[in-house]
There are 2 protein chains.
Amino acid sequence: MKQLPETTSVNAQVLASLRAAVISGELAPGSLHSVQNLATQLGVSRTPVREALIKLAQQGMVRFERNRGVRILLTSLHDLEEVFALRLLLEPPAVRRATTRLDGNQRRELRRMFAHMEKAARADDEFTMFEHDRRFHRVLLEASGNARLAAFVDGLRDMVLRRGVSTARASRSLDDIVAEHRAILDLIEAGDAEGAAKAMREHVRHTAELLIAQEAGADLGPGLAAVDIDLDWTGPARDHD
Amino acid sequence: MKQLPETTSVNAQVLASLRAAVISGELAPGSLHSVQNLATQLGVSRTPVREALIKLAQQGMVRFERNRGVRILLTSLHDLEEVFALRLLLEPPAVRRATTRLDGNQRRELRRMFAHMEKAARADDEFTMFEHDRRFHRVLLEASGNARLAAFVDGLRDMVLRRGVSTARASRSLDDIVAEHRAILDLIEAGDAEGAAKAMREHVRHTAELLIAQEAGADLGPGLAAVDIDLDWTGPARDHD
DNA sequence: CGGTGACGTGTCGCATGCCACTCTCGCCCC
DNA sequence: GGGGCGAGAGTGGCATGCGACACGTCACCG
């Protein structure tokens, strides 16, 4: 038997497909779909589709509307604020912790992800870039030793991807993004937990500001992207830099 | 028609029942159950039970084992560490934020929850006490304006309840718990965001230490509850007080 | 001509059928 | 008597049946 034991369940495949469809915008935000239709398109029955949608609903990507269909939820400005406020609270401490706990495999994996990011950036391959960006962050989160934290933050990224993938380019080059990750990686390699945490904080904050400014601009028309939002709940004294 | 439109779906009822059963220990940690059995006991079909279990599985309370049944997961020491590390990272900033954003209704609700806690403590009604404890925290989390944060932290409490409800009494009286909440409430009422955040931090940390020490004692035998755990990832310089 | 109500279509939520797989237990062979 | 194996019961995962409800349409009535 050469048949590999890696028989991914139908449910998992459907979940991946639907998640990708929502993120890519193939299922437009705000639109309504029936489970039956989605099931037919995916070539499976309604059950696994419904179960996958339940999971997505728990994550906040869709919402069931009784006897009407399933609504693809849109990512509002407030959603972005929530996501980045949480990432600002969680990722820097996770990196601080990860720096001292990283084992050999994780360190190697982190370097590998970063290398892929660099390569993708040189090739101007946006999709691959963000793919490994996400995995870079995930390795760090898992290295913190807190699986719940890792899963939660990783899930938050889905919300952002829908807005971010195709728009981030406008305001920040792929090289800039790589540079921010390089800073984080270097400080981790140097064992500077505090510096790495601070670098991560700046990275997340920077990303947040660009995305939110852009989103606000898109909502309110061009030119008035300066919205008064404070994402950073971290400390007692906040000075808007 | 006086029939209220509040017809809770079967799924929601099943979800509540199963969650309560897991938390109360009626479904013992580590035990295996079939969907068919649970459905029969609840008087419904397999479908809503399965869907509710999928939600619980996403939350980490149970796990599906193919062709074997549904495993009720146990809360390990490490799980408690994860939960409280997250609560320490999230709840103090949430309270800091909530203090300045609390509206009239929320403030009233907060006072009401606290009053119920006091009353339950006087009546030595542990269950009602923890019920309103949870709602007290939830009001605060929601007042922070971050719904994702509120939902996430509230979900984390399920993990703790299973261990906490029947054991917390051993090391801390209900009055002590009320006192910690009174401190938080007073500082919020006084508009002292920083103080309230600090009080919340101490409250969570205190709860964590008691539960974890107790759990570690239960696991390793009595007398060696002094386990080296640092939950607090918050800042650069940690001094174990 | 405008409003209203009944009907038809489409949908979810719940129930049930079906299949492949796992585990157990007892029988049969050695 | 002991050990291996096969049949049966039980399970989750997927497919499908079924009823109640929401909404759009259109005919009918005022």
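What counts as what
Residues numbered from 1 in each chain as written. Chains lettered and ligands numbered in written order. Predicted model: local features only at pLDDT ≥ 70, side-chain atom pairs only at ≥ 80, totals over all residues. Heavy atoms only, no water. Near = heavy atom within 4 Å. Polar contact = N/O pair within 3.5 Å; in protein donor to acceptor, adjacent residues only side chain to side chain. Helix = DSSP H or I, 4+ residues; strand = E, 2+ residues; numbered from the N terminus. Nonpolar A, V, L, I, M, F, W, Y, C, P; charged D, E, K, R; others polar. pLDDT = per-residue confidence, 0-100. Contact = heavy atoms within 4.5 Å. Phe/Tyr/Trp six-rings, centres within 6.5 Å; stacked < 30°, edge-to-face > 60°. Buried < 20%, exposed > 50% of the residue type's maximum accessible area, 1.4 Å probe, protein only. Pairing = 2+ DSSP bridges. Salt bridge = Lys/Arg side-chain N within 4 Å of Asp/Glu carboxyl O. Least-squares fit on C-alpha atoms with pLDDT ≥ 70 in both. Buried area = accessible area lost by both parts, 1.4 Å probe. Arc of directions from axis to C-beta.

### Description of the protein's contact with DNA strand D
Neighbouring DNA strand D are 22 residues; V10, S45, R46 and T47 of chain A together with R50 of chain B lie closest to it. Within 4 Å of the protein, atoms of DNA strand D come from sugar and phosphate in 70% of cases. Contact distances for DNA strand D include 2.4 Å between a phosphate oxygen and a side-chain N or O atom of S45 of chain A. Contact distances for DNA strand D include 3.5 Å between a sugar or linking oxygen and a backbone N or O atom of G69 of chain B. At the level of secondary structure, the elements contributing two or more residues to the surface near DNA strand D comprise α1 (10-24) and α3 (46-59) of chain A together with α3 (46-59), β2 (62-65) and β3 (69-72) of chain B. Among the elements that line the surface near DNA strand D, the one with the most residues is α3 of chain A, at three residues. Tallied by class, residues from the surface near DNA strand D come to six nonpolar, nine polar and seven charged.

### Some details on the confidence of the model for chain A
Residues and elements named next belong to chain A. Per-residue pLDDT for chain A averages 87, and the proportion of residues at 70 or more is 83%. Low pLDDT (under 50) marks residues 1-5, which in the prediction has zero contacts with non-local residues, meaning those over four places away or in another chain. Below a pLDDT of 50 lies the segment residues 237-241, which in the model reaches six contacts outside its immediate sequence neighbourhood of four places, other chains included.

### Points about the packing of aromatic side chains
All told, the structure shown has one aromatic pair over all chains when counted by the stated rule. Ring centres of F152 of chain A and F152 of chain B lie 3.6 Å apart, and the angle between their planes is 0°; this geometry places the pair in the stacked category. Highlighted residues: F152 of chain A in helix α7 (residues 147-164) and F152 of chain B in helix α7 (residues 147-164), drawn from two different chains. Like F152 of chain B, F152 of chain A is buried.

### Description of the side chain of H137 of chain A
Residues and elements named next belong to chain A. The topology assignment puts H137 in helix α6 (residues 126-143). Here the side chain of H137 touches H203 through a polar contact of 3.3 Å, side chain to side chain. Once residues lying within four places of it in the same chain are set aside, the contact partners of H137 are R87, E91, R157, H181, M200 and H203.

### Side note on the pairing of strand β2 (residues 62-65) of chain A
Residues and elements named next belong to chain A. Relative to strand β3 (residues 69-72), β2 is paired through four bridges, and the arrangement is antiparallel. Of the residues in β3, the one forming a bridge with R63 is R71. Linking two consecutive strands that pair antiparallel, namely β2 and β3, is a turn of three residues; a positive phi of about 60° is found at N67 within it.

### Examining the sheet that holds strand β1 (residues 32-33) of chain B
Sheet architecture is open: three strands sit in the order β1-β3-β2 (chain B), paired in antiparallel fashion. Among the strands making up the open sheet, the edge pair consists of β1 and β2 of chain B.

### Section: the protein's contact with DNA strand C
Neighbouring DNA strand C are 22 residues; R50 of chain A together with V10, S45, R46 and T47 of chain B lie closest to it. Across the atoms of DNA strand C situated within 4 Å of the protein, the share located in sugar and phosphate is 67%. Measuring from a phosphate oxygen of DNA strand C, one finds a side-chain N or O atom of R68 of chain B at 3.4 Å. Contributing elements (two or more residues each) for the surface near DNA strand C: α3, β2 and β3 of chain A together with α1 (10-24) and α3 of chain B. For the surface near DNA strand C, the leading source of residues is α3 of chain B, giving three residues. Among the residues making up the surface near DNA strand C, the classes are represented as six nonpolar, nine polar and seven charged.

### Notes on the pattern of salt bridges
Applying the stated criterion to the full structure yields 40 salt bridges over all chains. In this structure, the salt-bridge partner of E65 of chain A is R71 of chain A, at a minimum N-O distance of 2.9 Å. For E142 of chain B, the salt bridge goes to R138 of chain B, with nearest N and O atoms at 3.0 Å. Placement of the pair is E142 of chain B and R138 of chain B together in helix α6 (residues 126-143), with a separation of four residues, close to one helical turn. Beyond isolated ion pairs, a larger network of salt bridges with shared partners links R19, R134, R138, E142, D154 and D158 of chain A.

### Observations concerning the pairing of β3 of chain A
Bridge analysis of strand β1 (residues 32-33) of chain A against β3 of chain A gives two bridges, and the strand direction is antiparallel. By the bridge assignment for β3 of chain A, L32 of chain A is matched with R71 of chain A.

### Here we look at the relation of the copies chain A and chain B
Screw-axis analysis of chain A against chain B gives a translation of 0.0 Å along the axis, an RMSD of 0.0 Å, and a rotation angle of 180°. These values place the two chain copies in the arrangement generated by a two-fold rotation axis.

### So, the interface of chain A and chain B
With 32 residues of chain A at the contact, the number on the chain B side is 32 residues. Carbon and sulfur atoms make up 55% of the area that chain A and chain B hide from each other, which totals about 3000 Å². In this structure, the connection of chain A to chain B is made through six salt bridges. Its salt-bridge partner being E51 of chain B, residue R50 of chain A comes within 2.6 Å of it at the nearest N-O pair. There are 12 residue pairs in polar contact (both at pLDDT 80 or more) connecting chain A and chain B. Of all the elements in the fold, those that place two or more residues in the side of chain A that touches chain B are α3, α4 (77-101) and α7 of chain A.

### Notes on helix α2 (residues 35-42) of chain A
Residue and element names in this part refer to chain A. Among the residues of α2, those classed as buried are V35, L38 and A39. Axial view of α2: buried residues confined to an arc of 100°, hence all on one face. Every exposed residue of α2 that faces more than 90 degrees away from the buried side is listed here: T40 and Q41. Contacts made by the buried residues of α2 are with α1, β1, α3, β2 and β3. Where α2 ends, the next residue or the one after it, G43, has phi of about 75°, a positive value.

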